[in-house]
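Read off the chains here:
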Number of protein chains: 4
Amino acid sequence: MYTKAYKEEWNVNHQQIQECIQACIEAMTASNACYSACLEEDHVKEMTECIKLDRECADICRVAITSMQTHSPFMMEICKLCADVCEACAKECDKHPHDHCRKCAEACYRCANLCRNMSA
Amino acid sequence: MYTKAYKEEWNVNHQQIQECIQACIEAMTASNACYSACLEEDHVKEMTECIKLDRECADICRVAITSMQTHSPFMMEICKLCADVCEACAKECDKHPHDHCRKCAEACYRCANLCRNMSA
Amino acid sequence: MYTKAYKEEWNVNHQQIQECIQACIEAMTASNACYSACLEEDHVKEMTECIKLDRECADICRVAITSMQTHSPFMMEICKLCADVCEACAKECDKHPHDHCRKCAEACYRCANLCRNMSA
Amino acid sequence: MYTKAYKEEWNVNHQQIQECIQACIEAMTASNACYSACLEEDHVKEMTECIKLDRECADICRVAITSMQTHSPFMMEICKLCADVCEACAKECDKHPHDHCRKCAEACYRCANLCRNMSA
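Residues numbered from 1 in each chain as written. Chains lettered and ligands numbered in written order. Predicted model: local features only at pLDDT ≥ 70, side-chain atom pairs only at ≥ 80, totals over all residues. Heavy atoms only, no water.

A. The arrangement of the overall build of chain A in detail. On a plain count of helices and strands, chain A comes out with five helices and zero strands. Moving toward the C terminus, one meets the helices and strands of chain A in the order α-α-α-α-α. Overall, chain A is about 50 × 20 × 15 Å in size when its C-alpha atoms are taken along their principal axes. Within chain A, the proportion of its 120 residues that are buried is 64%. Long-range contacts, defined here as pairs at least 24 residues apart, represent 75% of the contacts in chain A between residues at least 6 apart. For chain A, the computed accessible surface area is about 4800 Å², with 50% contributed by carbon and sulfur atoms. Each charge sign in chain A was given a centre, from 13 positive and 19 negative side chains, and these centres are 4 Å apart. (Helix = DSSP H or I, 4+ residues; strand = E, 2+ residues; numbered from the N terminus. Buried < 20%, exposed > 50% of the residue type's maximum accessible area, 1.4 Å probe, protein only. Contact = heavy atoms within 4.5 Å. Areas by Shrake-Rupley, 256 points an atom, 1.4 Å probe, with all protein chains shown as cover. Lys, Arg positive; Asp, Glu negative; His and termini not counted. Charge placed at Lys NZ, Arg CZ, Asp CG, Glu CD.)

B. Focus on the relation of the copies chain B and chain A. Taken as rigid bodies, chain B and chain A are interconverted by a rotation of 180 degrees and an axial shift of 0.0 Å, the fit giving an RMSD of 0.0 Å. In the structure described here, the two chain copies are related by an operation that fits a two-fold rotation axis. Of the interface residues in chain B, 100% have counterparts in chain A that sit at the interface too, so the contact is made through matching surfaces. (Least-squares fit on C-alpha atoms with pLDDT ≥ 70 in both.)

C. Broad picture of helix α2 (residues 14–38) of chain A. With 25 residues, α2(A) should cover 36 Å at 1.5 Å per step; its first-to-last C-alpha distance of 36 Å lies within 8% of that length. N-cap assignment for α2(A): the residue whose side-chain oxygen lies 3.2 Å from the backbone N of Gln15(A) is Asn13(A). (Expected span 1.5 Å × (residues − 1). Polar contact = N/O pair within 3.5 Å; in protein donor to acceptor, adjacent residues only side chain to side chain.)

D. Spotlight on the state of the cysteines. A full pass over the atoms with the stated rule returns zero disulfides over all chains. Counting only cysteine sulfurs, Cys61(B) is the nearest neighbor of Cys82(B), a cysteine outside any disulfide, at a range of 3.9 Å. There is no disulfide at Cys50(C), and the cysteine sulfur nearest it, in Cys93(C), is 3.7 Å away. (Disulfide = S-S within 2.5 Å.)

E. Highlighting the pattern of salt bridges. Scanning all chains against the criterion turns up 49 salt bridges over all chains. Measuring nitrogen to oxygen at the nearest pair gives 2.6 Å for the salt bridge that ties Arg116(C) to Asp84(C). Here the residue Arg116(C) occupies a position in helix α5 (residues 99–119), and Asp84(C) occupies one in helix α4 (residues 75–93), the gap between them amounting to 32 residues. Each of Glu77(A), Lys80(B), Asp84(B), Glu87(B), Lys91(B) and Arg116(B) takes part in one network of salt bridges that share partners. (Salt bridge = Lys/Arg side-chain N within 4 Å of Asp/Glu carboxyl O.)

F. Up close: unusual backbone geometry. Residue and element names in this part refer to chain B. Positive phi, close to 55 degrees, is recorded for His-71, a residue that is not glycine. Tracing the sequence through the fold places His-71 in the loop between α3 (48–69) and α4 (75–93). By relative accessible area, which is 27% here, His-71 ends up partly exposed.

G. Focus on the interface of chain B and chain D. Contact residues are listed per partner, giving 15 residues for chain B and 15 residues for chain D. Regarding the contact of chain B and chain D, the summed buried area is about 1400 Å², with carbon and sulfur atoms giving 46% of it. Together, Leu39(B), Lys45(B) and Arg55(B) form the three largest contributors to the area buried by chain B at its contact with chain D, with a combined 42%. Remark: the boundary between chain B and chain D carries two salt bridges. Taking the shortest distance from any N to any O, the salt bridge between Glu40(B) and Lys52(D) comes out at 3.0 Å. Inspection of the chain B/chain D interface yields six residue pairs in polar contact (both at pLDDT 80 or more). When contributions to the side of chain B that touches chain D are tallied by element, the ones reaching two or more residues are α2 (14–38) and α3 of chain B. At seven residues, the largest contribution of residues to the side of chain B that touches chain D is made by α3(B). When its residues are assigned to classes, the side of chain B that touches chain D shows five nonpolar, two polar and eight charged. (Buried area = accessible area lost by both parts, 1.4 Å probe. Nonpolar A, V, L, I, M, F, W, Y, C, P; charged D, E, K, R; others polar.)

H. Up close: the packing of aromatic side chains. In this structure the tally under the stated criterion is zero aromatic pairs over all chains. Note that Arg55(A) overlies the ring of Tyr35(C), its terminal NZ or CZ placed 4.4 Å from the centroid. (Phe/Tyr/Trp six-rings, centres within 6.5 Å; stacked < 30°, edge-to-face > 60°. Lys NZ or Arg CZ within 6 Å of the ring centre and 35° of its normal.)

I. Expanded view of the interface of chain B and chain A. Counting residues at the interface gives 23 residues for chain B, matched by 23 residues for chain A. At the surface where chain B touches chain A, the tally comes to two salt bridges. With a shortest N-O distance of 3.7 Å, Glu77(B) and Lys80(A) are connected by a salt bridge. Across the chain B-chain A interface, the total number found is two residue pairs in polar contact (both at pLDDT 80 or more). Counting residues per element, the side of chain B that touches chain A draws most heavily on α3(B), at nine residues. Residue composition of the side of chain B that touches chain A, grouped by class: eleven nonpolar, five polar and seven charged.

J. Seen up close, the environment of Asp54(A). Residue and element names in this part refer to chain A. Tracing the chain through its elements places Asp-54 in helix α3 (residues 48–69). Taking the C-alpha atoms as reference points, Asp-54 and His-100, 46 residues apart in sequence, are found 11 Å from one another. Beyond its immediate stretch of four places on either side in the chain, Asp-54 contacts Ser-31, Cys-34, Tyr-35, Cys-38, Cys-89, Cys-93 and Cys-104.

K. Up close: the packing of α2(A) against helix α4 (residues 75–93) of chain A. All names here are of chain A. Where α2 meets α4, the axes come as close as 12 Å, and the angle between the chain directions of the two elements is 40 degrees. Relative to α4, the element α2 is oriented oblique. You can see that α2 and α4 cross each other, and the crossing is left-handed. In this structure, α2 contributes Ile-17, Cys-24, Ala-27, Ser-31 and Cys-34 to the contact, and α4 contributes Met-75, Cys-82, Cys-86, Cys-89 and Cys-93. When grouped by side-chain class, the residues that make up the contact of α2 with α4 number nine nonpolar, one polar and no charged. (Axes fitted to C-alpha atoms, helices over the stretch in contact; angles between N-to-C directions. Parallel < 35°, antiparallel > 145°, perpendicular 65-115°, else oblique. Left-handed = near helix turned anticlockwise from the far one by under 90°.)

L. Spatial organisation of the packing of α3(B) against α4(B). All names here are of chain B. Where α3 contacts α4, the two axes come as close as 9 Å, and the packing angle between them is 155 degrees. Taken together, α3 and α4 sit at an angle that is classed as roughly antiparallel. Every pair of crossing elements has a handedness; the one defined by α3 and α4 is left-handed. Residues Glu-49, Cys-50, Leu-53, Asp-54, Glu-56, Cys-57, Ile-60, Cys-61, Val-63, Ala-64, Ser-67 and Met-68 of α3 form the contact with α4, whose participating residues are Met-75, Ile-78, Cys-79, Leu-81, Cys-82, Val-85, Cys-86, Ala-88, Cys-89, Glu-92 and Cys-93. Within the contact of α3 with α4, the residues separate by chemical class into 18 nonpolar, one polar and four charged.

All we've got here are geometric facts, nothing functional implied.
Structure, rendered in structure tokens:
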């Protein structure tokens, strides 16, 4: 099932998967950095949605990376989920002026786009 | 977003979430047991799909548990994914006569049903 | 290596492992609940250490559960780590009056004790 | 606790952490690739230890990456664990002639060394 799905059914190529894995690694990295930095902010009360979404985004990116690296037949469904979480995280980051939020939004929008293409 | 989604928008109640978490714990437990046992089987060559799906099922169940325990706004989408993975794992287990596969199929079908209801 | 380590070398029995898995599940559950509740507190600024340790505790408990359920040769080392993280989380929770912190401390101290016994 | 530990107590610098994170990413990538390839081998019966260690190695690398990216006070203990798992995985891979095992061994030995330095 895994091999067949991977080799014959998916309209994605190796290069596209590698770029998506790299985007997930960068979104995970930016989300973890934003999570830690948000918790150090003076106005942490205003950052609680961002903290929650950062954690969830990093977790789902990890799952998406594993699914692509192990040729999961659920890769497309997981990338769709990852796109949704990354987009929500990016939109929340857009509300805040902090440098770590700006960097996280950028990485998450990019990851959302590549994951969306994977799942299309 | 988290709190609003959780309290107002979802048509699920606390009891339903608790039952689904418990079903995910049992599916994760059965998948990990099946994974280990498959790798000890003499005819491991015939069990490779089962091994892969067991690992993936345990991983996704962990994500679903966390999403329900932290009131994630993506809980429904994650439960839908978990239902799909559990069902695939159960169907693969159905092909094999081993006791660990039978137990895993049972736990995974049950989890798939409860996760499907969560995501409906 | 896995099977040999599991069957011959470890001074732990099946009952002890089952109790430790259950304690990890309860510590993970309490940590995730405490994490979500801390982020809703008015004085969230005072809860940031608790939030970080809750997340880390839930993550490490998940790893410990998997290591015990898959008979990992690193089970003892992972349980030692889990004991350390659970204890730190419990001590932080002890500083706060909230009901979710009290419940989390209780579950984490219990888990730390059982994990410590596993790694002894 | 997190910030203090990170800034004052650890004898590691930013550059060292970044290199270790990158080594963990590469070990995780190689382990996932080796895991998938082992399960496709004709002589899969001889690869079962490798399969188990590949999965565990990828999981622990993920935890180590998160601990470094979130400035965990348990970073050093987790890197010690990651070094042990990576070394065991590399040694198992050394027993096999496959190209994916050779690549995995190389990435895991390198990761083990950098993680060992982090935990020293």
